[in-house]
Amino acid sequence: MKIPFVNLRKQYQSIQNEIDEAIAAVLHECNFILGEEVKLLEEEFAQFCGVKYGVGVSSGTESIHLALRAFDIGPGDEVITAANTFIATVLAISYTGARPVLVDVRSEDYNIDVSKIADAITEKTKAIIPVHLYGQCADMDPIIKIAQRYGLCVIEDACQAHGAEYKGRRAGSMGDAGCFSFYPGKNLGAYGDGGMVITDDEQIADKLRLLRNYGSTRKYYHKSKGLNSRLDTLQAAVLRVKLKYLQGWNIVRRKNAEIYNAQLTKLDDVIIPEEMLHNKHVYHLYVIRVKNRDELFDNLKQKGISVGIHYPVPIHLQEAYKDLGYRKGDFPVTEVLAKEIISLPMCPEINKEQINYISKTIAKSLSVKHILERTPSKVIQLT
Ligand SMILES: *Cc1c(COP(=O)(O)O)cnc(C)c1O
């Protein structure tokens, strides 16, 4: 059995007519840049998240970069984020000229360890970027409290958490701004790159609209040195169709996670993902931990099961970030995770039989190792 990590083709086929019509309508209008679909998606997605404004941008990375710029963060400033994240979070900080400051994560949910944030704050700190990793929100209430105490802004990296909830509030709606990626494989994915910043702050929304479009709202009149970082009308049209299905897809992801959990919790060597109190995890990724990860990774690949590692090398040990001066041992939880985590196939299109097959293959792979470890003593007894 061959099992893909995500199945975008199957998803497209399930909504093909609607998607094809939406794309054809944009082609008919030829309004490719900042067309009506962009505005409508901004309104609809902001409403879905429970905030007032949405500003479509060209990627998730740009959503974080522009959100930081909208809060006037730049050279000389420091921005705190989680050590265990995709590098884009940290790159976006670097683009502004500010310095990224990393904080280790918790071993329960792999999100930023709130108890370690205060130690990382200096006079230069301007913002905290909690990352809602794998589809589960970071512990936002204490983060917001710390931010208020030190006068910092909170910008959520919700690029993996479309529709996730924390105490009934949607990911991206709790901080001063929330940042989303519409990369094709995300829970809400376009057919190319895309992103959005959401906020309740009208001034910030206005600033973002300038920043993404050469610093201009009226053609050829430029208020600031903006960028070209817009969301395409075509992508917005695709996303508007898919947004209607997002909640249903997230429910299926959660059911799939339950099926995995029921199977894998029986295996002593596997740590399954933990859903924290007051959270609604949307399982962008289904990540387990095992001691002999590399062996399991190879075994699953060999059996046709596509798996991933998110992420194999922590930011502070990346060549690109040597200049930050961090060393091995600085973020122990993140470093252990990098060695033990493995992401199993997860999408709304995967079925129960496939999940059972994956779980059985994992059980076999792990028990084979146990038998091998026990073999020498048995061999001695026999001879
Ligand atoms: C995907 C992702 C990003 C970047 O999004 P792009 O659209 O690929 O630029 C940023 N942060 C996290 C946590 C992500 O998963």
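Just so it is clear, the model here is predicted, and its values are computed rather than measured.

(A) Quick peek at the overall build of the protein chain. Regarding its fold elements, the protein chain presents twelve helices and twelve strands. In summary, the protein chain has a C-alpha radius of gyration of 22 Å against a globular reference of 21 Å for 383 residues, a match within 12%. Projected onto its principal axes, the C-alpha positions of the protein chain cover 90 × 55 × 35 Å. Counting every position in the protein chain, which comprises 383 residues, the buried fraction comes to 55%. In the protein chain, the proportion of contacts linking residues at least 24 apart, taken out of those at least 6 apart, comes to 70%. As displayed, the protein chain offers around 17,700 Å² of accessible surface, 52% of which is attributable to carbon and sulfur atoms.

(B) Structural detail: the sheet that holds strand β3 (residues 99-103). Pairing is mixed in the open sheet, where seven strands are placed in the order β1-β9-β8-β5-β4-β2-β3. Only two strands of the sheet have a single neighbouring strand rather than two, namely β1 (53-57) and β3. Going across the sheet, the axis of each strand differs from the next one's by a mean of 25°, ignoring polarity. Of the strand pairs in this sheet, strand β5 (residues 153-157) and strand β8 (residues 177-181) are connected by three bridges, and their pairing is parallel.

(C) Inspection of the site of the ligand at higher detail. Around the ligand lies a shell of 13 residues, among which Gly60, Thr61, Gln160, Ser181 and Lys186 are the nearest. Here a nitrogen atom of the ligand and a side-chain polar atom of aspartate 157 are 2.8 Å apart. One of the side-chain nitrogen or oxygen atoms of glutamine 160 is found 2.8 Å away from an oxygen atom of the ligand. In isolation the ligand has 380 Å² of accessible area, and contact with the protein removes 92% of it. Put simply, the parts of the chain that give the shell around the ligand at least two residues each are α4 (60-70) and α5 (87-96). A per-class count over the shell around the ligand returns four nonpolar, seven polar and two charged.

(D) Layout of the packing of α4 against helix α8 (residues 202-211). Following both chains from N to C, one finds α4 and α8 inclined at 120°, their axes separated by 9 Å at the closest point. The orientation of α4 with respect to α8, classified from their angle, is oblique. Our pair here, α4 against α8, has a crossing hand that is right-handed. On α8, the residues that touch Leu66, Ala67, Arg69 and Ala70 of α4 are Ile204, Lys207, Leu208 and Leu211. A per-class count over the contact of α4 with α8 returns six nonpolar, no polar and two charged.

(E) Examining the side chain of arginine 212 more closely. Mapped onto the elements, arginine 212 comes out in the loop between α8 and α9 (233-264). Taking the relative accessible area as the measure of exposure, arginine 212 reaches 6% and is therefore buried. Contact partners of arginine 212, with chain neighbours within four places excluded, come to Leu34, Val38, Glu42, Val55, Gly56, Val57, Leu66, Leu227, Asn228, Ser229 and Arg230.

(F) Inspection of the pattern of salt bridges at higher detail. As enumerated under the stated definition, the model contains 18 salt bridges in all. In this structure, arginine 289 and glutamate 340 form a salt bridge, with 2.9 Å as the shortest nitrogen-oxygen distance. Pair noted here: arginine 289 is in strand β11 (residues 286-289) and glutamate 340 is in helix α11 (residues 332-340), with a separation of 51 residues, a long-range link. With a relative accessible area of 12%, arginine 289 lands in the buried category. What you see here is one network of salt bridges that share partners, running through Glu37, Glu44 and Arg240.

(G) Structural view of the nonpolar core. Grouped together as the largest cluster of nonpolar side chains are 80 residues, with contacts concentrated most on Phe45, Ile288, Leu344 and Ile362. Looking at this core, the element that brings in the most residues is α9, giving eight residues. Ignoring any residue separated from it by four or fewer positions in sequence, one finds leucine 344 in contact with Phe5, Tyr260, Leu264, Tyr286, Ile288, Leu300, Val307 and Ile362.

(H) Focus on α5. For α5, the full list of buried residues reads Ala88, Thr89, Val90, Ala92, Ile93 and Thr96. Those residues of α5 that are buried lie in contact with α4, β2 (78-82), β3, β4 (125-129) and β5. Note on α5: the residue one or two positions beyond its end, glycine 97, has a positive phi of about 95°.

(I) Layout of the pairing of β8. Taken across its five residues, β8 has five buried, putting it largely inside the fold. Of the two faces of β8, the one holding Ala177, Cys179 and Ser181 and the one holding Gly178 and Phe180 are both buried throughout.

(J) Examining the sheet that holds strand β6 (residues 165-166) more closely. Spatially, three strands are ordered β7-β6-β10 in an open sheet, and the strand pairing comes out antiparallel. Each having just a single partner strand, β7 (169-170) and β10 (279-280) make up the two edges of the open sheet. Where β6 meets β10, two bridges bridge the pair, whose relative direction is antiparallel. Residue pairing across strands places tyrosine 166 opposite asparagine 279, the latter belonging to β10.

(K) Here's a closer look at the environment of tyrosine 260. Considering the arrangement of structural elements, one finds tyrosine 260 in helix α9. According to the relative accessible area criterion, tyrosine 260 is buried, its value standing at 0%. Distance from tyrosine 260 to isoleucine 19, taken between C-alpha atoms, is 31 Å for residues 241 residues apart in sequence. Residues contacting tyrosine 260, with those up to four places away along its chain left out, are Tyr286, Leu344, Pro345, Met346, Ile350, Ile355, Ile358 and Ser359.

What counts and what doesn't
Residues numbered from 1 in each chain as written. Predicted model: local features only at pLDDT ≥ 70, side-chain atom pairs only at ≥ 80, totals over all residues. Heavy atoms only, no water. Helix = DSSP H or I, 4+ residues; strand = E, 2+ residues; numbered from the N terminus. Rg over C-alpha atoms; globule rule 2.2 N^0.38 Å. Buried < 20%, exposed > 50% of the residue type's maximum accessible area, 1.4 Å probe, protein only. Contact = heavy atoms within 4.5 Å. Areas by Shrake-Rupley, 256 points an atom, 1.4 Å probe, with all protein chains shown as cover. Pairing = 2+ DSSP bridges. Axes fitted to C-alpha atoms, helices over the stretch in contact; angles between N-to-C directions. Near = heavy atom within 4 Å. Polar contact = N/O pair within 3.5 Å; in protein donor to acceptor, adjacent residues only side chain to side chain. Nonpolar A, V, L, I, M, F, W, Y, C, P; charged D, E, K, R; others polar. Parallel < 35°, antiparallel > 145°, perpendicular 65-115°, else oblique. Left-handed = near helix turned anticlockwise from the far one by under 90°. Salt bridge = Lys/Arg side-chain N within 4 Å of Asp/Glu carboxyl O. Core = buried A, V, L, I, M, F, W, Y, C linked by side-chain atoms within 4.5 Å.

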